[in-house]
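Read off the chains here:
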Amino acid sequence: MPVREVALDRDVRSPRLLPSRASLFSIHFARRVVSVLALLMIDVGALLLAVLAESLVTGSSGFQFWPGLTRAGLLTACGVVVVCAAGSGLYQRRYSRHRLRRINTAWVVAFIISSALMLAVNPASLGARWVAVWLVAIVLDVAGRWAFDALSALSYGADGDCPRALLLGPLDACVDALPTLAALPPEACVSVVGLVLPVDEYGAARGSHLGTPPIVAAHDTLQLALRRCRASEVIVVEPLSLNGQMRSVMDACRDSGATMKVVAATMHHDGRAVSYIPGLDCPLFVVQPKPAGWGSYLVKQVVDRVVAVALLILLSPVLLAIALLIKTTSRGPVFFVDRRVGLGQRPFDLYKFRTMHADAQASQSNLEVHNEAGGVLFKMHDDPRVTGIGRVLRRISLDELPQLVNILKADMSLVGPRPLPMRDCELMEEWHRRRHVVLPGITGLWQVSGRSDLDFADMVDLDLRYIDTWSLRSDVHIAWLTIAAVVGSRGAY
């Protein structure tokens, strides 16, 4: 079975908690670190220089230039400035961070917060000179940031801090689009680092030397090219050239966390669905993934394990009783261990209470003609392989309880797409496999929407909807609906 290029040890909806080794040692990462540190020094230095200038003008010594202002209070004000600047996006990349209005807003908010804190601690420290210090600090900060941007542009070039982009489309269309993209204003500029051509055109053009940007990949290896070129955007310059591959391109961008932009010069636009980029005469459709933050991902992992441990402890008498009933009513093991496909199409052993006779898997081929499920699934209402106690366990979903151990092993989550058997996955089409970019779950949208009453196409649609709209709130909502589905035994057989 082919394994797609996805991470095997984490839910890929979430960005990495730590940067990869390659990014840590890249020149782009080093530039970002230096840039952020320099901007921090400019912001803090602007306030300290303003205070120092005031002390020199008034003849005070050091930073203790009026009663009540301590070094601790001044450092607190510096911290407030940094937090407000970060909240206003003043430490982002050069092409997007600097707007005079944004800088002024950050400093005004920092002044109000700092003044409120000082007013609560020592009102005597406030006065007209405090206001003058902040006005001088704003001027110094704007001047310092302007000088830093000018030096950065001289050192790295005008587009040195622009997002790296791949241009996707026929070679002629890509070449024609380069001058237009190069002429975009700073707030919309990109740095085109490579061309991605159609498969039938890539073989003939890969050996040609067109200067920069180079031809880096064909459509079917886009995800690999995104990783190799460290690009954060894909610009499709001629959508018709994709020949039905738009879904695979979108999936590659979504799985890589890259923004996809489609230049559609021949398409009629709807003002509610189109964003205009300054400098372009045609509409630019933007599809941008919005993965949950690492904090939400971390909370999900912690909640999964805490709930799994708690349920295993609380339900241990129930688990023991079920095990005894299975052992005494039919021959065979208590647990059924099945090979399933999980995150990144990595196989793992899924645990369930055995609800069928011991030779159930061997006899399934004889029952394929009676399959009642659509697509690649296998389902029968009256499966002769199911035991009496197994039918009860399935009806109230108690056979799934051993999968709490799978959660502790990090193979599964409480909520997510249902892990399918190897047989089902081998019958899937390639685009179905995007359901494997998240951890599989004990319950999910499919289970609370009808389970076995739905066909395979419905299941895939629900899984992809879950992936694209995931949040902690949606997990809580699905868990709540699961209780109602289990009590009502809806779609379970």
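Criteria and cut-off values
Residues numbered from 1 in each chain as written. Predicted model: local features only at pLDDT ≥ 70, side-chain atom pairs only at ≥ 80, totals over all residues. Heavy atoms only, no water. Helix = DSSP H or I, 4+ residues; strand = E, 2+ residues; numbered from the N terminus. Buried < 20%, exposed > 50% of the residue type's maximum accessible area, 1.4 Å probe, protein only. Areas by Shrake-Rupley, 256 points an atom, 1.4 Å probe, with all protein chains shown as cover. Patch = residues over 30% accessible without salt bridge, like charges linked within 9 Å, V, L, I, M, F, W, Y side chains within 5 Å. Salt bridge = Lys/Arg side-chain N within 4 Å of Asp/Glu carboxyl O. Contact = heavy atoms within 4.5 Å. Expected span 1.5 Å × (residues − 1). Arc of directions from axis to C-beta.

**Side note on the overall build of the protein chain**
A count of helices and strands for the protein chain gives 18 helices and ten strands. Of all 493 residues assigned to the protein chain, the portion counted as buried reaches 45%. Accessible area for the protein chain stands at about 25,200 Å²; split by element, carbon and sulfur atoms hold 64% of it.

**Quick look at a nonpolar patch on the surface**
A grouping of L49, L52, L56, V136 and L140 is seen on the molecular surface, where their side chains present a nonpolar patch of about 430 Å² in accessible area. Tracing the sequence through the fold places L140 in helix α6 (residues 128-156). By relative accessible area, which is 33% here, L140 ends up partly exposed.

**A look at the environment of L464**
With respect to the helices and strands, the residue L464 is situated in helix α17 (residues 456-468). Residue L464 is classed as buried on the basis of its relative accessible area, which comes to 8%. Distance from L464 to P417, taken between C-alpha atoms, is 8.7 Å for residues 47 residues apart in sequence. The residues contacting L464, other than those within four sequence positions of it, are R247, W431, R434 and R435.

**Considering helix α3 (residues 71-87)**
Note: α-helices contain 3.6 residues per turn, so residues at a spacing of three or four share the same orientation. With 17 residues, α3 should cover 24 Å at 1.5 Å per step; its first-to-last C-alpha distance of 24 Å lies within 8% of that length. Within the sequence span of α3, burial applies to L74, A77, C78, V80, V81, C84 and A85. With its buried residues spanning 160° around the axis, α3 presents them on a single face. Those residues of α3 that are exposed and angled more than 90 degrees off the buried face are R71, A72, L75, V83 and G87.

**Re unusual backbone geometry**
Here the phi dihedral of R230 falls at roughly 55°; this positive angle occurs in a residue that is not glycine. Inspection of the secondary structure assignment puts R230 in the loop between α9 (222-229) and β4 (233-236). A positive phi angle, near 60°, is found at S397, a position not held by glycine. Positionally, S397 belongs in the loop between α13 (388-395) and α14 (403-408).

**Thoughts on the environment of L481**
With respect to the helices, strands and loops of the structure, L481 is situated in helix α18 (residues 472-488). Assessed through its relative accessible area of 30%, L481 is described here as partly exposed. Each C-alpha atom of the pair L481 and T443 lies 9.7 Å from the other, and the pair is 38 residues apart in sequence.

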